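Each chain, letter by letter, is given below.
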Amino acid sequence: MTFQRIIFTSLILLFSTLFTMGQDFITHRVEKGETIYGIARKYSVEQEVLVKYNPFLSDGLKEGQMIMIPLIEAVPEQEIKPTETDLYILHRVVKGNTIYSLTREYGISEEQLYVYNPSLRETGLQLGMLIKIPVDVDINQKADDPDPGESIDIPEMPGSIKDSARMKKTYRIGVVLPLYTEINDSMAVQVELEEDEQIYRMSGVALDFLNGFKFAMDSLRKQGLHAEVFVYDSEKDTNVVKRLVYMRDAGKLDVIIGPLFTECVNTLANELNQAKIQTPVISPFSTQPQLVYRHSNVFQIAPSELQLGLEMTQFLINRYADHTIEVVFSKSDAQAVQPILDKLYYYLDSAQIRVNQVNSATISSVSRYDNSSKTIIFAPSKDRVFLTDFVTKLNALRNENIELFGLPNLRDIDVDYSYFNNLKVTVPKAAFINYSDSANYSMFDSYHRKYFQDMNRYSLTGFDVGYFFGGLLFKYGEIKASAANIRYEGAYVLHDYALNQSGSYVNKGVKIIRIEDFKEVWLR
């Protein structure tokens, strides 16, 4: 059955997730015609207080701005009650769907289906219509709450005896994601889904990541971890991220997971540094090297392109120290390839390195690589036209002695897959699913039964980030010192962090993948 599923939050109107998680501010989106005076009266605060927490208001009020309303100065604390956040997925009705089949497929009752979709009582199911399916994903389930389900068959974190001096009874974890809760929930689902696809796509990525993270927390909780999770909706707004730092108890978080966007991570790291808060920040997806070279206390999960290239180079040095390595690239790649050449020349004899810089978009001949002995070729190029031409000509040699190495983009060129197999193409990858591990299959099955969808790279990353860093808190009571001394293979991400001179952490956990017998084989 084919259908589209997109997860959204509901029951959030003008207030963001910050309010629903019981924090000290609520956020208000400025509507057309509103004034500072009117907003101040609405929330029973002084205009000066609004400007104090939102300095940009001194330049005037603009429609669509998100402003922070301090609760302590706005309303009595006893009047603030957390709002339960419901999550649901959207199902597009296809031929053959019935009320009964949907309730069986998703494990819900007919009454639940009608509660979330009251119009069904009058119209019934219509082909192509979108309906809401409630999903139970309580992010803040505490460790002493009832067990939500079966345990996951995955190994415990490696390590030694806990340091009791560092251990806490309960850990506090902040998760900062672009959920777009207010925008998503205020849209008319049937119409704006296509019109605002970009907003939905971003929030869908964030919620997939969040589901994976929650799945990891469930597993660690069953092993004994006590943790409180605080979820913040950052949208893609650096002003919102900046204000998070100055909320009460922000400095008491043991770790902050997110944000997802590079500019938001930069902002968060800057503000934490200015506030002299040393909380580690985990950047799940950004590959920009400035994150870990301009800031301290930042963990970069996804290696940068430079890091991938250097790890591929180290693999060649270790594995083929007794061979000649042919390095081939186009003129446009010269500057980017230089760090790779520097590393090769540092570790190997210069006689072992043959450099071929091609000054045109195509290579005139590949006959020099048609040898009777093993030929190691490293093409660290990002020039798609050059790579396509080079791989096509190499494959035409039909020489089984050639082994071709490159960067991840080598696998993206438009050639027949058999070319990759024939040339034993090998590339570095930041993440890779080890399908030979039976524990992964068990996890995938458990996740599907819980969330009614397969794990993707976002939920897998969320799981691995949550399990690794949550596991460090559980095992060691802290993150920074222990992370630099542990190499841990997750279900998708290989964690192997090195502390750099800026005080941040680069992930050297790069997996080397080869195409062999038309399958991906993990060499390292």
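Below or above, wherever it landed, is the structure these notes cover. What you see is a predicted model; the values in this text were computed from it and never measured. Starting afresh in each chain, residues are numbered from 1 along the sequence in its written order. Per-residue local features of the predicted model are confined to residues with pLDDT of at least 70, and side-chain atom pairs are confined, for both listing and counting, to 80 or more; whole-chain, interface and lining totals are unaffected and use all residues. Only hydrogens and water are set aside when side-chain values are computed; all heavy atoms of the structure are taken into account.

Turning our eyes to something else, we now look at the environment of asparagine 421. With respect to the helices and strands, asparagine 421 occurs in helix 16 (residues 417–422). With a relative accessible area of 14%, asparagine 421 lands in the buried category. Spatially, the C-alpha atom of asparagine 421 lies 8.2 Å from that of lysine 519, the residues being 98 residues apart in sequence. Not counting residues up to four positions away in its chain, the partners in contact with asparagine 421 are Ile515, Glu516, Asp517 and Phe518. A polar atom in the side chain of asparagine 421 sits 2.9 Å from the backbone nitrogen of aspartate 517. Comment: elements are numbered from the N terminus, with helices defined as DSSP H or I runs of at least four residues and strands as E runs of at least two. When accessible area is computed with a 1.4 Å probe and restricted to protein chains, residues below 20% of their type maximum are described as buried, those above 50% as exposed, and intermediate ones as partly exposed. Note on contacts: a residue pair qualifies if any of its non-hydrogen atoms lie within 4.5 Å across the two residues. The definition of a polar contact used here is a pair of N or O atoms within 3.5 Å, where within protein one atom must be able to donate a hydrogen and the other to accept one, and adjacent residues in sequence count solely through side-chain atom pairs.

This next bit is on the nonpolar core. By size, the foremost hydrophobic cluster in this structure holds 51 residues, and its most contacted members are Ile173, Ile257 and Phe469. Mapped onto this core, the elements with two or more residues apiece are strand 6 (171–177), helix 9 (197–223), strand 7 (227–233), strand 8 (255–257), helix 17 (438–451) and helix 18 (457–476). Only buried Ala, Val, Leu, Ile, Met, Phe, Trp, Tyr and Cys residues count toward a nonpolar core, and they belong to the same one when joined by side-chain atoms within 4.5 Å.

This part covers helix 14 (residues 334–347). Each helix should span, by expectation, one fewer than its residue count multiplied by 1.5 Å. An ideal rise of 1.5 Å per residue puts 20 Å on 14 residues; helix 14 measures up with 20 Å between its terminal C-alpha atoms. Most pronounced at isoleucine 340, the bend in helix 14 amounts to some 25°. Those residues of helix 14 that sit buried are Val337, Ile340, Leu341, Lys343 and Leu344. On its buried side, helix 14 packs onto helix 13 (305–319), strand 11 (325–330), strand 12 (353–358) and strand 13 (375–379). Note on bend: at a given residue it equals the angle between the axes fitted to the 7 residues ending there and to the 7 starting there.

Turning our eyes to something else, we now look at the pairing of strand 19 (residues 511–516). The buried fraction of strand 19 is high, at five of six residues. A pair of strands is considered paired only if DSSP assigns at least 2 bridges between the two. With four bridges connecting them, strand 15 (residues 426–429) and strand 19 associate as antiparallel partners. Bridge pairing in strand 19 links threonine 426 to arginine 514. Alignment of strand 19 against strand 20 (residues 519–522), held across four bridges, turns out to be antiparallel. Paired with isoleucine 515 across the two strands is glutamate 520, which belongs to strand 20. As consecutive antiparallel partners, strand 19 and strand 20 are separated by two residues, and within that stretch aspartate 517 has a phi angle of approximately 55°, a positive value.

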